[in-house]
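If you want the building blocks of each chain, they are given just below.
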Amino acid sequence: MWCQLALLVCVSTLAAAQAPVPCNSPDQWEAHFDMYDPSERQEFYVEGRYHYDKIGQRKARFEEVNEGANSSYRFVEAIDLYNERKSYRIDVRTRECTVTEMSSDRTFHSHDVPLGARSRGLFYLGSSALTEGSVELAAWDYRFLTRNYFWEGSFTTHGCIPYHSNIFNSTTFGIRHESFWDVTPGLSDPNVFIPPPQCFR
């Protein structure tokens, strides 16, 4: 009986050790990304280069934007400085800069798995049957009661690198999908967070 009890404790401990736990992505990283609404409630598609700085509460994007079925693509540099509560949008073609104050309810959204998130299990991107032919990811979901939306996302089990996320809000924007690839920890050029001179004229 004692042997059976010891075996049960050992198996339970091993299962607990293997269970995914919420994690934090690197504090600074950059990647290629795309963002769109799969429900087509909002007709837009954005892709480009993304720079993320959790330490300084900053985000910067070089975006190729398409809004609406009949619209053409436009190119935008977007800089969001949450500590300063300002957003900058620079038209790449005209170099015109638009500066707006962030609303009081707009907060910095980190690319971390929220504490209390529910694990939806593990899966492989690629084929687990091939040596080095796959990446293992953990799937999560969480309901943000204060923001009134439901979130789900997937992250690599090694390094907590974000792969994709979906945000659902039936009363405002519907569904917003983001995915990331070629993620590189660190920032190759911190100057991407500095608005150009025309934004201060």
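Worth saying up front: this structure is predicted, and the values here are computed from it rather than measured.

### Regarding the nonpolar core
Step number 1: Ranked by size, the top nonpolar core spans 14 residues in total, and within it Trp-29, Phe-33, Met-35, Val-46, Tyr-50, Tyr-52 and Phe-180 carry the most contacts.
Step number 2: Contributing elements (two or more residues each) for this core: strand 1 (28–36) and strand 2 (44–53).
Step number 3: With residues near it in sequence (within four places) discarded, Trp-29 still touches Tyr-50, His-51, Tyr-52, His-111, Pro-162, Phe-180, Val-183, Thr-184, Pro-185, Gly-186 and Leu-187.
Step number 4: Ranked by size, the runner-up nonpolar core spans 10 residues in total, among them Ala-138, Trp-151, Phe-155 and Cys-160.

### Structural notes on the side chain of Thr-156
Step number 1: Position of Thr-156 relative to the elements: it lies in strand 9 (residues 149–156).
Step number 2: With relative accessibility at 14%, the residue Thr-156 sits in the buried group.
Step number 3: Looking at Thr-156, its side chain comes within polar contact range of the main-chain oxygen of His-158, at 2.9 Å.

### What to know about the pairing of strand 8 (residues 134–144)
Step number 1: Both strand 7 (residues 118–126) and strand 8 contribute to a ladder of 8 bridges, which runs antiparallel. Paired with Ser-119 across the strands is Trp-140, a residue of strand 8.
Step number 2: One ladder, built from 8 bridges, connects strand 8 with strand 9; its direction is antiparallel. Within strand 9, the residue paired with Tyr-142 across the bridge is Trp-151.

### Brief notes about the environment of Phe-193
Step number 1: Turning to its location among the elements, Phe-193 is positioned in the segment after strand 11 (174–185).
Step number 2: C-alpha separation for the pair Phe-193 and Tyr-52, spaced 141 residues apart in sequence, amounts to 9.5 Å.
Step number 3: When neighbours within four sequence positions are excluded, Phe-193 is seen to be in contact with His-51, Tyr-52, Asp-53, Arg-58, Lys-59, Ala-60, Ile-79, Leu-81 and Leu-187.

### Quick look at the pattern of salt bridges
Step number 1: According to the stated counting rule, one finds 11 salt bridges in the structure shown.
Step number 2: Of the charged contacts in the structure, one is a salt bridge between Arg-95 and Glu-77, with a shortest N-O distance of 2.9 Å. With Arg-95 in the loop between strand 5 (86–91) and strand 6 (97–101) and Glu-77 in strand 4 (residues 74–81), this pair connects stretches of sequence that are 18 residues apart.
Step number 3: Residue classification places Glu-77 among the partly exposed residues on the basis of a relative accessible area of 24%.
Step number 4: The residue Asp-80 makes a salt bridge to Arg-106 at a minimum N-O spacing of 3.2 Å.

Analysis parameters
Residues numbered from 1 in each chain as written. Predicted model: local features only at pLDDT ≥ 70, side-chain atom pairs only at ≥ 80, totals over all residues. Heavy atoms only, no water. Core = buried A, V, L, I, M, F, W, Y, C linked by side-chain atoms within 4.5 Å. Buried < 20%, exposed > 50% of the residue type's maximum accessible area, 1.4 Å probe, protein only. Helix = DSSP H or I, 4+ residues; strand = E, 2+ residues; numbered from the N terminus. Contact = heavy atoms within 4.5 Å. Polar contact = N/O pair within 3.5 Å; in protein donor to acceptor, adjacent residues only side chain to side chain. Pairing = 2+ DSSP bridges. Salt bridge = Lys/Arg side-chain N within 4 Å of Asp/Glu carboxyl O.

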